[in-house]
Amino acid sequence: MMTNYTRINNIFGWVAFLFAAVTYTLTLEQTASFWDCGEFIAAAYKLQVVHQPGAPLFLMIVRMFTLLAGSDTSQIAYFANFSSGLVSASTILFLFWTISAFGRKLLMKTEEDYTTANIIAVMGSALVGALAYTWSDTFWFSAVEAEVYAMSSLCTAVVMWAILKWENESDAKHADKWLIFIAYLMGLSIGVHLLNLLAIPALAFVYYFKKYETSTKGIIYTAIGSILILGFVQYGVIPGVVSLAASFDLLAVNGLGLPFGSGVILFAIILIGSIVYGLMYSVKKNHAIMNTAILCLTFIIIGYSSYSMIIIRAKANTVLNNSSPDNVYSFLGYLNREQYGERPLLYGQNFTAKVIDEKEGEMMYRKGNTRYEEIGKKRIRIFEKNQQTILPRIFSADQASHVSFYKSWLNIPAGKSPTFADNISFLFSYQIGYMYLRYFMWNFAGRQNDIQGIGNSTEGNWISGIKPLDAMRLGSQDNLPPSISENKANNKLYFLPLILGIVGLVYHFRKKQKDATVVALLFFFTGLAIVLYLNQTPYQPRERDYAYAGSFYAFTIWIGLGVLALFDFFKTKITGIAAAGLATGICMIAAPVLMASENWDDHNRSNRTIVRDLASNYLNSCAPNAILFTMGDNDTYPLWYAQEVEGIRKDIRLVNLSLLGTDWYINQHRLKMNDSEGINFSYSPAKIVTGLRDYVPFYDMKINGYADLKEVTDFMGSDNREAQLQTRNGDYINFLPTKKLSLAGNTGSSNASDTLSSNRVRWELKKDGLYKNDLMVLDIIANNNWKRPIYFAVTIGADNFFGLEDYFEVDGLAYRLVPNKADPNTSRGSVGKVNTKVMYDNVMNKFKWGNLNGGVYIDPESARMTTVLKNYFYQLANQLMAEGKKDSALKVLAKAEEVLPIDKQEMNTTILDFQMAEIYYQAENPAKANDLLNRAATHIEGDLNYYYSLKGKKMQQYSREIQYGLSIMQELTRISKAYNQPQVSASLDKRLKELETKLR
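Residues numbered from 1 in each chain as written. Predicted model: local features only at pLDDT ≥ 70, side-chain atom pairs only at ≥ 80, totals over all residues. Heavy atoms only, no water.

1. A closer look at the sheet that holds strand β14 (residues 761–764)
Then, in step 1: The strand order β10-β13-β14 describes an open sheet built from three strands, whose pairing is mixed. Here the strands that pair on one side only, and so sit at the sheet edges, are β10 (707–708) and β14. (Pairing = 2+ DSSP bridges. Helix = DSSP H or I, 4+ residues; strand = E, 2+ residues; numbered from the N terminus.)

Set out below in structure tokens:
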């Protein structure tokens, strides 16, 4: 039976793999996804350098999958996504074998225990647990897009399976090969994501429990030792090896005058020699533990060597070359994520702490022509001592929104300083309760909707589907608003997977405490420990549940073992085979089947092309050889994908404002990229190095009138003392002398509007100082002389428009800078002037719409973009009406209804419905207008009735939303009356009064 068991175990493992592989293949994203996926696919396709700290092994593996697309570039993203689907299915395979290994240890202690009933129970438990993870919310999300988290999960799954293989064979002669294999996998995983390292404590305890008699002292030593090993790998091996190599290279280049890289070679020789000597010494002394430890370290370093790809490709100066890590010092900064700054972990400031001084840190270096040049020492801020605490959780004072959130969440009165208790309260209530347990419950209890939450009752919470429990968590579940009831992510799991997992947890601890401890350690370090380490601030740009996938992986082990708990109970009532079948069947329905049925519709991304199509629309909004300023991930990464992979509009120069404050990024834009010529900067590389002109404050020189932009940028770039201010510490810095600026108008064709202008552009900056990226934007505009069209993406914030909005022209999904000021009497654009000729052609003939109205799942980011698109349809139609082009305006509105999901919207977008209704009335199509008003009113009613059902204090929390909703209802009534629609206005008026009576 043992031989049969192994064969059966292998077969059912591959069955689980097949279920997962089919699921993910059927639900794969067809093109790029939002967030990092566009960058990853573009970088993988051409082996380029992604954002810090990189993922070289991931990129190389994905590159192999993209070869399956052949010459069809439109299929490259699909096969890149397929790589995630396949490695995710492989994760399920190894999870199955891990659960069956734990189950085997619980039920099959002797050969006589390999009965048919026990084998069915173990296979059932492994299948239930593995499929529960297959169809869990977080893991499924990452499995259908080209992101690192799927491959990172595979690394975790394989090392957990491998340590159990070692445990099973630990008494054999060459059993420690599994430990070396695990070390190699750990090294490889560094080239994917660091999350896999968090399995080290669990692995350490498997080793301890197998090799030593359990004692309190031994457990404490193992816990401390495992954390030290984790710290050694994360801080010693990863940056430490490179840091030592950098020190050797500094000595060789600056001290001995040798070529760049010579010190790195010397260090590599010493490192290899030390390893060889250590291995020979351990063999000579017959020291097995030392030998194994050195081999493990060696194989970690070998796996870690995938990072050589980053330096090799950086030296090739690829188009995507984040941080340009082409030498040992820039590579060290890349690994240390210096671009993203630091946050306090164990000790640091509260948000109320003031900076009272600065101290100097270690010297920073950059590669010069013949030697490493000193940039200057790191500046470390010193905060007030009485405003610092251990475990600082509410530390972020750089954004006013963070400060207000802390005060609101913790009810900190005005003028009161936060305490240590406030920090701990924020840790448990927000960082653990809201940013971890909420995600945990999404996966195993249910989910309210996919709207990103910030702590209120109607956005992104978990729900059970059991009315009393829902009422405790969310208030009444009657009269649910459409944002919940119609949301595809409204998934009711009725707590069943959670209950089954808790049953499995208790059963595991009762039956096999040591094994349960190992799973618990994996659960803790891949969940709560990450919470402590990340120390997340409020208002994250997206939900962060993917960071905790390893924790959810561990919990599904207990979901699987819950089957064995039921089997133990049932076999006292019925025969063993029947008990195994019944337990498996009940648990299969309660967890995996329920999870698959509820989660399928909001994880099915097949036939969705919105990201690629929006990127194409952005690029095709621009005239040839344009410069397009973007800002965030989602208006940059998809465009990188479109250009680098599908070759769409490679003549456009994309300039990301978030990166434009770094010298490496500025210098890259001096070069030709694809079909786009380099940008003409007036500042030499020496003028924009790190530490110079990072911030240029405003100091009013009382200049009369408007100063020429070119003269002002030259002034801010001057090294003359007359153009600088002296700071308190004696340094000299440049400054902005005036906010009133002018720019010579174009004497030729005025861009897309085909008019002539010789007037000067005059405007006033809306900033009190310029960061380096601001300075570079103004420098680009000043030196461009209208030679290249300049655009700003419509999704970047207005504070990045520099006060130039009156000189914007709307052609599509980008604002074009033109030398003609928009006429407020004729222009109806929300920003600048709508160029109806160009925009009408774009909207009606050129743009693609991602099959948005074709029944595909509209995720939150896509929903946000549909609101943006809807607004631009309205602006175009409104401007066409102002120009007397009624037929064209009606065609635009019809197009909007054809391609956009008009019915799927938030309350704050219904204002666009009544604005469009006005256009329909003006165009003498009252039937369409009335339909829009009624739909908008129904949507608002749904929201307001839900707020009313909350009653009392919960309803008061939504007073702003209630007032806003009532004001929209009032506006709907006003419009229907203004256009003489008595039947509609009477109905709306009645509905409004009923709502006002209830809510006021």
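2. Remarks on the packing of helix α29 (residues 836–846) against helix α30 (residues 860–882)
Then, in step 1: Orientation of α29 relative to α30, taken along the N-to-C sense of each, is 135°, at an axis distance of 11 Å. With respect to each other, α29 and α30 are oriented oblique. The interaxial crossing formed by α29 with α30 has left-handed handedness. From α29, T836, M839, Y840 and V843 reach across to α30, where they touch Y872, F873, L876, Q879 and L880.
Then, in step 2: A breakdown of the residues in the contact of α29 with α30 according to their chemical character gives seven nonpolar, two polar and no charged. (Axes fitted to C-alpha atoms, helices over the stretch in contact; angles between N-to-C directions. Parallel < 35°, antiparallel > 145°, perpendicular 65-115°, else oblique. Left-handed = near helix turned anticlockwise from the far one by under 90°. Contact = heavy atoms within 4.5 Å. Nonpolar A, V, L, I, M, F, W, Y, C, P; charged D, E, K, R; others polar.)

3. Focus: the environment of N720
Then, in step 1: For N720, the position within the fold is in the loop between α27 (709–716) and β11 (724–726).
Then, in step 2: Classification of N720 by relative accessible area gives partly exposed; the value is 48%.
Then, in step 3: A sequence separation of 326 residues divides N720 from I394, and the C-alpha atoms of the two residues are 43 Å apart. (Buried < 20%, exposed > 50% of the residue type's maximum accessible area, 1.4 Å probe, protein only.)

4. Focus on the layout of surface pockets
Take a probe with the size of a water molecule and roll it over the atoms, and the empty space left behind shows itself.
Then, in step 1: Taken as a whole, the second largest pocket holds about 870 Å³ of empty space.
Then, in step 2: As for the second largest pocket, its lining consists of 27 residues, and the residues nearest its centre are L179, Y207, I229, A293 and C296.
Then, in step 3: Residue assignment for the lining of the second largest pocket shows that the elements contributing at least two residues are α8 (177–190), α9 (200–211), α10 (216–255) and α12 (288–304).
Then, in step 4: The element contributing the most residues to the lining of the second largest pocket is α12, with eight residues.
Then, in step 5: Here the lining of the second largest pocket is composed, by residue class, of 22 nonpolar, four polar and one charged. (1 Å grid on protein atoms, 1.4 Å probe; cavity = no way out; pocket = protein on both sides within 12 Å on 5 of 7 lines; lining within 4 Å. Points joined across faces, edges and corners; volume = space filled by probe spheres on them.)

5. Some remarks on the packing of helix α5 (residues 116–134) against helix α23 (residues 576–603)
Then, in step 1: As a packed pair, α5 and α23 sit with axes 9 Å apart at the nearest point and diverge in direction by 5°. Judged on the interaxial angle alone, α23 and α5 are roughly parallel. Here α5 contributes T116, A117, I120, A121, G124, L127, V128, L131 and A132 to the contact with α23, which in turn contributes G576, I577, A580, G581, T584, C587, M588, P592 and M595.
Then, in step 2: Its residues placed into classes, the contact of α5 with α23 shows 13 nonpolar, five polar and no charged.

6. Side note on the sheet that holds strand β8 (residues 653–656)
Sheet strands associate in pairs through backbone hydrogen bonding, adopting either a parallel or an antiparallel arrangement.
Then, in step 1: Pairing within the open sheet is mixed, and its six strands lie in the order β8-β7-β16-β18-β17-β19. A single partner strand is all that each edge strand has here, and the edge strands are β8 and β19 (833–834).
Then, in step 2: Direction of pairing for strand β7 (residues 627–630) relative to β8: parallel, over a ladder of four bridges. Residue T630 lies in a different strand from β8, and its bridge partner there is N656.

7. A short note on the side chain of R612
Then, in step 1: On the secondary structure map, R612 appears in helix α24 (residues 610–620).
Then, in step 2: Other than its neighbours up to four places away in sequence, R612 contacts T31, Y641, E646 and I648.

8. As for the environment of G361
Then, in step 1: You can see G361 is positioned in strand β2 (residues 355–367).
Then, in step 2: The spacing of G361 and I380 is 19 residues in sequence and 6.4 Å in space, taken between C-alpha atoms.
Then, in step 3: Once residues within four sequence positions are removed from consideration, G361 is found in contact with K377, K378 and I380.

9. Describing the pattern of salt bridges
Then, in step 1: Summed over all chains, the structure comprises 39 salt bridges.
Then, in step 2: A cluster of three or more residues bridged by salt bridges with shared partners is formed by E29, E145, R605, R608 and D859. (Salt bridge = Lys/Arg side-chain N within 4 Å of Asp/Glu carboxyl O.)

10. Concerning the state of the cysteines
Then, in step 1: If you walk through the whole model with that rule in mind, you get zero disulfides.
Then, in step 2: For the unlinked cysteine C296, the closest cysteine sulfur is that of C155, found at 16 Å.
Then, in step 3: Take C296: its relative accessible area is 16%, and that puts it in the buried class. (Disulfide = S-S within 2.5 Å.)

11. Digging into empty space enclosed by the protein
Then, in step 1: The full count for this structure, using the stated rule, is seven cavities of 30 Å³ or more.
Then, in step 2: Estimates place the volume of the largest cavity at around 220 Å³.
Then, in step 3: Counting only elements with at least two residues in the lining of the largest cavity, the list comes to α25 (637–644), β8 and α26 (663–668).
Then, in step 4: Across the lining of the largest cavity, the residue classes tally to 10 nonpolar, seven polar and four charged.
Then, in step 5: Size it by volume and the second largest cavity reaches roughly 100 Å³.
Then, in step 6: Lining of the second largest cavity is provided by 13 residues; of these, S152, S153, L195, A549 and G550 occupy positions nearest its centre.
Then, in step 7: Secondary structure elements with two or more residues in the lining of the second largest cavity: α7 (148–169) and α22 (549–570).

12. As for a nonpolar patch on the surface
Then, in step 1: A contiguous nonpolar patch, built from I220, Y221, I224 and L228 and spanning about 440 Å² of accessible area, is present on the exposed surface.
Then, in step 2: Topologically, L228 is positioned in helix α10. (Patch = residues over 30% accessible without salt bridge, like charges linked within 9 Å, V, L, I, M, F, W, Y side chains within 5 Å. Areas by Shrake-Rupley, 256 points an atom, 1.4 Å probe, with all protein chains shown as cover.)

13. Some thoughts on the packing of aromatic side chains
Then, in step 1: By the definition in use, this model includes 72 aromatic pairs.
Then, in step 2: Plain terms: the ring middles of W97 and W161 are 6.3 Å apart, the flat faces sit at 40° to each other, and that makes the pair tilted. Of this pair, W97 sits in helix α4 (residues 76–107) while W161 sits in helix α7, and the two are 64 residues apart along the sequence. With respect to burial, W97 and W161 carry one shared label: buried.
Then, in step 3: With a centroid separation of 5.8 Å and an interplanar angle of 20°, the aromatic rings of Y430 and Y434 are classed as stacked. Here Y430 and its partner Y434 are both found in helix α16 (residues 420–444), four residues apart, which amounts to about one turn of the helix. (Phe/Tyr/Trp six-rings, centres within 6.5 Å; stacked < 30°, edge-to-face > 60°.)

14. Comments concerning the pairing of β14
Then, in step 1: Side chains V761 and W763 project from β14 onto a buried face, and the interleaved R762 and E764 project onto a face without burial.
Then, in step 2: In this sheet, β14 lies alongside strand β13 (residues 740–743) in antiparallel orientation, the contact comprising four bridges. Bridge pairing links L741 to W763 in β14.

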